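# A structural walkthrough
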Amino acid sequence: MRLRAEKLVLMADLIGTVVFAIEGALTAMRAHLDLLGVMVIAFIVAMGGGVIRDLLIGDTPPSAIRDWRYPALTFAAGFITFIFSSAVLALPPLAYTVLDAAGLALFAVAGVQKALLHGIRPFIAVLLGTVTGTGGGVVRDVLLARVPLVLYADIYATAAFLAGALVVSLRRCGVPDTISAISGGVACFVLRLLAVHYGWHLPRATL
Amino acid sequence: MRLRAEKLVLMADLIGTVVFAIEGALTAMRAHLDLLGVMVIAFIVAMGGGVIRDLLIGDTPPSAIRDWRYPALTFAAGFITFIFSSAVLALPPLAYTVLDAAGLALFAVAGVQKALLHGIRPFIAVLLGTVTGTGGGVVRDVLLARVPLVLYADIYATAAFLAGALVVSLRRCGVPDTISAISGGVACFVLRLLAVHYGWHLPRATL
Amino acid sequence: MRLRAEKLVLMADLIGTVVFAIEGALTAMRAHLDLLGVMVIAFIVAMGGGVIRDLLIGDTPPSAIRDWRYPALTFAAGFITFIFSSAVLALPPLAYTVLDAAGLALFAVAGVQKALLHGIRPFIAVLLGTVTGTGGGVVRDVLLARVPLVLYADIYATAAFLAGALVVSLRRCGVPDTISAISGGVACFVLRLLAVHYGWHLPRATL
């Protein structure tokens with residue numbers, strides 16, 4: 001059982017890594033960074049959230065550093081994106097949004113699962129899932145000297161948070177790990193895309 | 001004795017948390033973030049310094065994550081500030097300065113105490129106290145893409161540093177923990193307010 | 001043998017610390033920060049890379065905090081630079097570039113060595129060496145609300161990365177620690193200076 005849960009975390013993590021590395025490379029190329037900058041931002045977007053999660057859990061060295069598959073995948077994805085930039089950029093903006101929503105969903109669920117595996121309480125595990133999903137993008141924006149998108153974007157971290165809450169609730173109700181993880185991931189993905197499509201957002205203070 | 005010192009750290013930490021969460025929420029509302037952004041910044045201002053301290057000490061997961069009271073307090077304070085924003089903003093600027101000085105004093109002292117409890121040498125403990133007091137604000141400013149206030153503000157980190165040095169010195173001279181902690185906190189608070197009132201600042205290089 | 005390797009890490013680390021602290025203090029003075037801001041930036045530039053490395057390796061508290069020599073050296077170097085600013089600023093820009101290349105080389109090699117000592121795999125050790133060499137500068141630029149120099153500078157992190165790869169390769173071929181470390185350091189230093197002199201840079205995506 002524990003083994004299967006760990007495999008689930010690993011798979012969601014690896015796919016999310018590729019997705020976010022491509023996204024990071026694209027952002028870096030738009031900011032006119034050189035090849036190294038592109039690789040670094042790809043690495044940071046893909047690994048940032050997980051590294052922050054692992055540091056907070058106290059699971060050091062973080063998977064991103066202990067397991068060679070993570071950096072290898074990241075650099076490969078970043079490099080291929082760099083080489084085929086014209087093809088990648090010819091994709092419609094929707095592809096980009098879908099890719100990002102998928103990465104967010106995968107990492108949010110992987111983050112919650114890993115935190116629970118390490119005996120973190122459910123509420124905090126949900127927070128750590130949100131950090132895993134959004135952390136890489138935050139570090140990217142900080143490095144590019146921008147206010148992180150997640151702080152003002154329509155239902156972004158919120159989708160990750162609600163998905164995490166769903167995973168935790170389903171597990172509480174005795175739903176098997178795999179099913180609750182997949183439900184959470186799908187919920188996050190769909191909610192994010194609906195929010196983008198309909199322009200949903202949270203209330204703002206009127207000062 | 002050790003128990004009492006731990007209780008002291010906890011109380012200073014919890015009160016400082018509420019104070020800084022309110023301040024963080026206000027800053028986020030002024031930057032026109034949405035409800036989630038307000039909650040995130042409230043959390044970061046309140047928890048940032050302590051999380052950095054705990055990561056550096058190696059005490060993971062950080063209290064902010066292990067102890068549900070910290071995130072619960074932070075989110076409650078952030079949410080209430082968001083709801084009653086007009087009331088909170090009607091407060092005179094002085095109230096804001098006093099609140100911030102109180103948070104700085106509480107966190108600086110709590111940081112020094114916790115570092116000493118973990119067997120960190122006094123000089124480094126004073127540095128960690130300063131990090132605890134100012135770290136949350138630094139992360140907030142970084143996320144809002146500003147140069148951190150602490151780097152150019154009048155006697156801010158300096159007040160935290162001197163207060164920490166006072167705590168350490170008093171303990172060396174055999175003064176009981178509680179009294180040295182309170183003395184340090186009051187010194188930091190008063191020094192910061194005096195610095196704001198009289199416009200004291202440190203020398204600047206003339207280039 | 002292990003002892004000698006540790007001494008090598010320590011020496012490279014301490015010299016790199018002084019070099020980077022001076023550089024950090026100069027940057028802070030140019031950004032018109034006050035004495036405290038100068039000390040903080042000196043500390044961060046000198047310690048940032050090593051602290052990030054130690055957190056990632058899981059070696060907490062980081063050397064920068066456990067070993068009083070690091071903060072003491074940093075603050076002394078920062079303070080002296082502040083006092084003798086006019087003399088330091090009269091140095092030709094080349095001196096600044098040479099100093100920085102030396103710090104980069106020392107920290108990159110120290111970082112690789114320390115990671116290897118902690119049983120990190122060679123490829124990741126090279127990455128950690130690059131982080132050690134460039135991390136302080138990244139944190140400095142983030143705090144000053146700039147896009148980190150390393151992301152677009154000519155062959156900067158690249159020099160650190162290649163030097164780390166050289167160290168790892170030489171060790172693999174049975175070259176003694178000391179010689180492989182010195183070779184790596186010299187290679188990084190020379191490569192960085194050649195890159196500045198001839199304006200070498202990595203390819204950029206054309207979008």
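Since the structure is predicted, the reported quantities are computational estimates derived from the model, not experimental observations.

### Side note on the relation of the copies chain C and chain B
Expressed as a screw transformation, the operator carrying chain C onto chain B has a rotation angle of 120° and an axial translation of 0.0 Å, and the superposed copies differ by an RMSD of 0.0 Å. The transformation relating the two chain copies, once decomposed into turn and shift, fits a three-fold axis. The position closest to the rotation axis in chain C is occupied by the C-alpha of Ala145(C), lying 3.3 Å away. Mapped onto chain B, only 10% of the interface residues of chain C are again interface residues, and the two copies thus contact each other with different surfaces.

### What to know about the pattern of salt bridges
A pair can form between side chains of opposite charge whenever their charged atoms are brought close. Residue and element names in this part refer to chain A. Considering all chains together, one arrives at 24 salt bridges over all chains under this definition. Of the charged contacts in the structure, one is a salt bridge between arginine 140 and glutamate 23, with a shortest N-O distance of 3.4 Å. Pair noted here: arginine 140 is in helix H7 (residues 122-143) and glutamate 23 is in helix H1 (residues 2-30), with a separation of 117 residues, a long-range link. Residue arginine 140 shares its accessibility class with glutamate 23, and that shared class is buried. Each of the salt bridges in this network shares a partner with another, and the network as a whole consists of Arg53, Asp54, Asp59, Arg66 and Lys114.

### Some thoughts on the side chain of Thr158(C)
By secondary structure assignment, the location of Thr158(C) is in helix H8 (residues 157-172). On the accessibility criterion, Thr158(C) (13% relative accessible area) is buried. Not counting chain neighbours up to four residues away, the residues in contact with Thr158(C) comprise Leu36(A) and Leu202(C).

### Let's talk about the UniProt feature "domain: Glycine transporter" (unreviewed entry) in chain A
According to UniProt, the "domain: Glycine transporter" (unreviewed entry) feature falls on residues 11-85 and 98-171 of chain A. Between the end C-alpha atoms of residues 11-85 of chain A the distance is 26 Å, and the span holds 84% helix and 0% strand.

### Brief notes about the interface of chain B and chain A
Counting residues at the interface gives 28 residues for chain B, matched by 27 residues for chain A. Together chain B and chain A conceal approximately 2,200 Å² of surface at their shared face, both sides included; 75% is due to carbon and sulfur atoms. In this structure, the connection of chain B to chain A is made through zero salt bridges. At the boundary of chain B with chain A, the tally comes to zero residue pairs in polar contact (both at pLDDT 80 or more). Among the elements of the structure, helix H1 (2-30), helix H2 (35-57), helix H3 (63-66), helix H4 (69-83), helix H5 (85-89) and helix H7 (122-143) of chain B are those that each provide at least two residues to the side of chain B that touches chain A. Residue classes in the side of chain B that touches chain A are distributed as 21 nonpolar, four polar and three charged.

### Regarding the packing of aromatic side chains
Per the stated rule, a full pass over the model turns up 12 aromatic pairs over all chains. Relative to Phe75(B), the ring of Phe123(A) lies with its centre 6.2 Å away and its plane at 75°, an arrangement referred to as edge-to-face. Here Phe75(B) lies in helix H4 and Phe123(A) lies in helix H7, a pairing that spans two chains. Take Phe123(A): its relative accessible area is 35%, and that puts it in the partly exposed class.

### Here we look at the nonpolar core
If you look at the biggest cluster of nonpolar residues, it comprises 189 residues, and the most contacted ones within it are Ile41(A), Leu128(A), Ile41(B), Leu128(B), Ile41(C) and Leu128(C). If you tally residues by element for this core, the top one is helix H2 (residues 35-57) of chain C, at 15 residues.

### A look at a nonpolar patch on the surface
Residue and element names in this part refer to chain A. A cluster of nonpolar side chains, namely Ile182, Val186, Val190, Leu194, Tyr198 and Trp200, defines an oily patch on the protein surface of about 560 Å² accessible area. You can see isoleucine 182 is positioned in helix H9 (residues 177-198). Judged by relative accessible area, isoleucine 182 falls into the exposed class, the value being 52%.

### Some thoughts on unusual backbone geometry
Going from Thr60(A) to Pro61(A), the amide bond is cis rather than trans, its omega being -10°. A positive phi is found at Ala145(A), a non-glycine position, where the angle reads about 55°. On the accessibility criterion, Ala145(A) (32% relative accessible area) is partly exposed. The residue His32(C) is not glycine, and still its phi comes out positive at about 60°. Residue position: His32(C) is located in the loop between helix H1 (2-30) and H2.

### Side note on the interface of chain C and chain B
At the junction of the two partners, chain C supplies 29 residues and chain B supplies 27 residues. Carbon and sulfur atoms supply 75% of the area buried between chain C and chain B, which totals about 2,200 Å² over both sides. Counting every contact that joins chain C to chain B gives zero salt bridges. In this assembly, chain C and chain B are joined by one residue pair in polar contact (both at pLDDT 80 or more). At the level of elements, H1, H2, helix H3 (63-66), helix H4 (69-83), helix H5 (85-89) and helix H7 (122-143) of chain C are the ones that each hand at least two residues to the side of chain C that touches chain B. Ranked by the residues each element gives to the side of chain C that touches chain B, the list is headed by H2(C), at eight residues. The class makeup of the residues in the side of chain C that touches chain B is 22 nonpolar, four polar and three charged.

### Here we look at H2(B)
All names here are of chain B. A rise of 1.5 Å per residue sets the reference length of H2, with its 23 residues, at 33 Å; its end C-alpha atoms lie 33 Å apart and thus fit the reference within 8%. By the largest-angle criterion, methionine 47 marks the main kink of H2, which is about 50°. Among the 23 residues of H2, 20 are classified as buried, and the element is accordingly described as predominantly covered. By the N-cap criterion, in which a side-chain oxygen at the helix start approaches the backbone nitrogen of a residue two or three places on, H2 is capped by aspartate 34, the distance to leucine 36 being 3.2 Å.

### Quick notes on the relation of the copies chain B and chain A
Expressed as a screw transformation, the operator carrying chain B onto chain A has a rotation angle of 120° and an axial translation of 0.0 Å, and the superposed copies differ by an RMSD of 0.0 Å. Here only 11% of the interface residues in chain B have copies in chain A that are interface residues too; the copies meet through unlike faces.

### Concerning the UniProt feature "transmembrane region" (unreviewed entry) in chain A
Feature annotation in UniProt assigns "transmembrane region" (unreviewed entry) to the following positions: residues 7-29, 35-56, 68-88, 94-112, 124-143, 149-170 and 182-200 of chain A. As annotated, residues 124-143 of chain A has a helix share of 100% and a strand share of 0%, and its two end C-alpha atoms lie 27 Å apart.

### Some remarks on the environment of Ile83(C)
Residue and element names in this part refer to chain C. In this fold, isoleucine 83 is placed in helix H4. Look at isoleucine 83 and you get partly exposed, because its relative accessible area is 46%. A sequence separation of 102 residues divides isoleucine 83 from glycine 185, and the C-alpha atoms of the two residues are 31 Å apart.

Calculation criteria
- Residues numbered from 1 in each chain as written.
- Chains lettered and ligands numbered in written order.
- Predicted model: local features only at pLDDT ≥ 70, side-chain atom pairs only at ≥ 80, totals over all residues.
- Heavy atoms only, no water.
- Least-squares fit on C-alpha atoms with pLDDT ≥ 70 in both.
- Contact = heavy atoms within 4.5 Å.
- Salt bridge = Lys/Arg side-chain N within 4 Å of Asp/Glu carboxyl O.
- Helix = DSSP H or I, 4+ residues; strand = E, 2+ residues; numbered from the N terminus.
- Buried < 20%, exposed > 50% of the residue type's maximum accessible area, 1.4 Å probe, protein only.
- UniProt positions renumbered as here; feature names shortened; annotations may be inferred.
- Buried area = accessible area lost by both parts, 1.4 Å probe.
- Polar contact = N/O pair within 3.5 Å; in protein donor to acceptor, adjacent residues only side chain to side chain.
- Nonpolar A, V, L, I, M, F, W, Y, C, P; charged D, E, K, R; others polar.
- Phe/Tyr/Trp six-rings, centres within 6.5 Å; stacked < 30°, edge-to-face > 60°.
- Core = buried A, V, L, I, M, F, W, Y, C linked by side-chain atoms within 4.5 Å.
- Patch = residues over 30% accessible without salt bridge, like charges linked within 9 Å, V, L, I, M, F, W, Y side chains within 5 Å.
- Areas by Shrake-Rupley, 256 points an atom, 1.4 Å probe, with all protein chains shown as cover.
- Expected span 1.5 Å × (residues − 1).
- Bend = angle between axes of the 7 residues up to and from the residue.

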